Amino acid sequence: MSYIEEVRSAVAVRNAGQPEFMQAVDEVLATIAPVVESDGVYKHNAVLERITEPDRQIMFRVPWTDDDGNMRINRGYRVQFNNAIGPYKGGLRLHPSVNLSIIKFLGFEQIFKNSLTGLPIGGGKGGSDFDPKGKSEREIREFCQSFMTELFRHIGADTDVPAGDIGVGGREIGYMFGQYKRIKNVYEGVLTGKGLTFGGSLARTEATGYGLIYIMQEMLGEFGDGIKGKTIAISGAGNVAIYAAQKAIELGGKVVTLSDSDGWIYDKNGVNLDIVKDIKEVKRGRIREYADRVPTAEYHDKGKVWSVKCDLALPCATQNELTVDDAKKLIKNNVRAVAEGANMPSTTDAINAFQANHTLFMPAKAANAGGVAVSALEMSQNSQRLAWTFDEVDGKLQNIMSGIYSAVKNAAATYAEKFDFVSGANIAGFLKVAQAMIAQGV
Ligand code: NDP
């Protein structure tokens, strides 16, 4: 049995009942063999055993009262996965589906993603099975304060710096930051994605979506092509989806779909983002309202956006939302390239189908790293007690995405196949962290 197979079996036994975590581990282990099996140093230092076991897994009770005065209980999580190259860094997710397996898959992915950015940030993730949907402003605030009342003792500007994710945007980060400051009496950059008046970075809101489009441009640029004139299918209608759409439209693309967990819209004329933002960011409504306001748009509560003919597909909602059947539909419709805005949105079979068809495919670790990259820039600005301009941050983001593309492409060409960006991202991300772990000896 190879070293990788040995570790894979042991990790599966130790983490039984955690399918999302195993899916993420399998994907990485399946691709790093050319590096790991060619040099005994990794086995000698137990690098794979160490990198698949979080440094720390914190689970806690989060009590809060609803508007009817009932005491409610949720479970909070923070998994501090690996800090070989910097403080733990990764988002907080508030969604009823959240469990330890999901937080661990996200934290594990985050190690490699953060490494790819070239910035000094380790991997972590957290959240709760709290469902923010339909909750009042007061309930959200109380939940966030209660969540931070436990989390504060585990995090810090040089220890662990959480950010947003599904269900956690500027509002929730603000409430959590306020509670942290109140308990610790320290004003520090302990969270990113903060409001602009209290340490937030310009372009952080846009960063993940913009970064996704920048790396798509790099990938298409390889063939003298670009976003201009492309028909684009996007899933989701949250932070990542909206700002990916914004940059794509700015660069001359036509975004024809968006979705939420109830259904999806198709607008053959290209979506009107002002209306989408009003529905989602201002009114916190449902995507179906778009079709009420735009007569030419269709709303579907069955099926998925992937049945629509498009040149570029950007899954930006959640994990495993794009299955092998969806991949086959996209391939049949001649999709040119796929880039993952969400974390692990494509199933393993879907990725295999894209690769077998030689569809250009950029995995989440590389494609959505722009968000955490600008979060790291927010940390830098907080440390310096400075605020950079939008263009300064956006310029750095473009350079970072371009650097990620080169690193992924070079690792693919060196260790795998020329356009195998899945292997390229895993290997490039792994090498830096593994070297640091070996050098540090623990
Ligand atoms: P938001 O909460 O802003 O939006 C999420 C969107 O996806 C919503 O439209 C939501 O619909 C939809 N969605 C969520 N869960 C499901 C589900 N189970 N089924 C169908 N639709 C669903 O989150 P973000 O845009 O921030 O995050 C989207 C993805 O991008 C996640 O995978 C996240 O981990 C990843 N990501 C985010 C980064 C960031 O900077 N925000 C950085 C890197 C990755 P509904 O409102 O109905 O729930």
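Before any of the text, the structure's been laid out above.
In what follows, the accompanying structure is described. None of the values given here were measured: they were computed from a predicted structure. Sequence positions are assigned chain by chain, starting from 1 and proceeding in written order. In keeping with the predicted nature of the model, local features appear solely for residues at pLDDT of at least 70, side-chain atom pairs appear and are counted solely at 80 or more, and the whole-chain, interface and lining totals rest on all residues. Remark: hydrogens and water are excluded; side-chain values derive from all non-hydrogen atoms of the structure.

1. Considering the pairing of strand 4 (residues 122-128)
Each regular strand displays side chains that alternate between the two surfaces of the sheet. Heads up, the condition is: Only protein chains enter the accessibility calculation, which uses a 1.4 Å probe; a residue whose area is less than 20% of its type maximum is buried, one above 50% is exposed, and one in between is partly exposed. Strands here mean DSSP runs of E at least two residues long; helices mean DSSP runs of H or I at least four residues long; both are numbered from the N terminus. DSSP bridges decide pairing: two strands pair if at least two such bridges lie between them.
With 7 of 7 residues buried, strand 4 lies mostly within the body of the structure. Side chains Gly122, Gly124, Gly126 and Ser128 project from strand 4 onto one buried face, and the interleaved Gly123, Lys125 and Gly127 project onto a second face that is buried too. Pairing of strand 2 (residues 71-82) with strand 4, which is carried by 6 bridges, proceeds in the antiparallel orientation. Bridge pairing in strand 4 links asparagine 82 to glycine 123. Sheet analysis places strand 3 (residues 88-94) next to strand 4, joined by 5 bridges and oriented parallel. Each bridged residue has a counterpart across the sheet, and for leucine 92 the counterpart in strand 4 is glycine 126.

2. Some thoughts on the site of the ligand
Stated precisely, the cut-off is as follows: Nearness here has a simple test: a residue counts as near a molecule or strand if at least one of its heavy atoms is within 4 Å of that partner. For this analysis, a polar contact is any N or O atom pair within 3.5 Å, provided that within protein one partner can donate a hydrogen and the other can accept it, and provided that sequence-adjacent residues contribute only side-chain to side-chain pairs. We call Asp, Glu, Lys and Arg charged. Ala, Val, Leu, Ile, Met, Phe, Trp, Tyr, Cys and Pro are nonpolar, and the rest, Gly among them, are polar.
Lining the immediate surroundings of the ligand are 24 residues, of which Asp165, Thr208, Ser261, Arg286 and Asn343 lie closest. Contacts to the ligand include aspartate 165, whose side-chain N or O atom sits 2.6 Å from an oxygen atom. At the level of secondary structure, the elements contributing two or more residues to the shell around the ligand comprise helix 9 (204-221) and helix 10 (239-250). A breakdown of the residues in the shell around the ligand according to their chemical character gives 6 nonpolar, 12 polar and 6 charged.

3. A look at the pairing of strand 3
To be explicit about the condition: Throughout, right-handed denotes a crossover for which the path from the first strand over the helix to the second runs clockwise when the strands point away from the viewer.
Extensive coverage of strand 3 is indicated by the burial of 7 of its 7 residues. Remark: the strand 3/helix 6 (residues 100-116)/strand 4 crossover connection has right-handed handedness. In this structure, strand 3 lies alongside strand 5 (residues 160-163), joined through 4 bridges in parallel fashion. Directly across from glycine 90, in strand 5, lies its bridge partner proline 162.

4. Some points on unusual backbone geometry
Although it is not a glycine, asparagine 185 adopts a positive phi angle of roughly 55°. Secondary-structure assignment places asparagine 185 in the loop between helix 8 (170-184) and helix 9. The backbone of arginine 385 sits at a positive phi, close to 55°, despite the residue not being glycine.

5. So, helix 14 (residues 348-356)
The test is simple: This arc is taken over the directions from the axis of the helix to the C-beta atoms.
For helix 14, the complete set of buried residues consists of Ala350, Ile351, Ala353 and Phe354. Summarising the axial view, the buried residues of helix 14 lie within an arc of 160°, below the 170-degree limit, and thus occupy one face. Directly beyond the C-terminal end of helix 14, a positive phi value near 60° is found at histidine 358.

6. Brief notes about the sheet that holds strand 5
The criterion, for reference: Helix axes are fitted to C-alpha atoms over the stretch in contact, other axes to C-alpha atoms as well, and angles between N-to-C directions run from 0 to 180 degrees. Contacts are assigned to residue pairs with any non-hydrogen atoms lying within 4.5 Å of each other.
Spatially, the 5 strands line up as an open sheet ordered 1-2-4-3-5, and their pairing is mixed. The open sheet is flanked by strand 1 (56-65) and strand 5, the only strands paired with a single partner. Averaged over all pairs of adjacent strands, the angle between strand axes in this sheet comes to 20°, irrespective of strand direction. Inspection of the sheet shows strand 1 paired to strand 2 by 10 bridges, in the antiparallel sense. Bridge pairing in strand 2 links phenylalanine 60 to glycine 76. Where helix 7 (residues 137-151) meets the sheet, it contacts strand 1, strand 2, strand 3, strand 4 and strand 5, and its direction lies at approximately 140° from that of strand 1.

7. A few points about the packing of aromatic side chains
Worth spelling out the cut-off: Only the six-membered ring of Trp is used, alongside the rings of Phe and Tyr, when aromatic pairs are assigned; centres must lie within 6.5 Å, and planes under 30 degrees apart are stacked while those over 60 apart are edge-to-face, with the rest tilted. Two thresholds decide whether a charge sits over a ring: the Lys NZ or Arg CZ must be within 6 Å of the ring centre and within 35 degrees of the ring normal.
Under the criterion given, the structure shown has 16 aromatic pairs. With centroids separated by 5.2 Å and ring planes inclined at 85°, the aromatic side chains of tryptophan 64 and phenylalanine 130 adopt a geometry described as edge-to-face. Pair noted here: tryptophan 64 is in strand 1 and phenylalanine 130 is in the loop between strand 4 and helix 7, with a separation of 66 residues, a long-range link. Its relative accessible area of 1% is what places phenylalanine 130 among the buried residues. A network of ring pairs unites the aromatic residues Phe60, Trp64, Phe130, Phe143 and Phe147 as a single cluster. Positioned over the ring face of phenylalanine 223 is arginine 336, at 5.2 Å from the centre of the ring.

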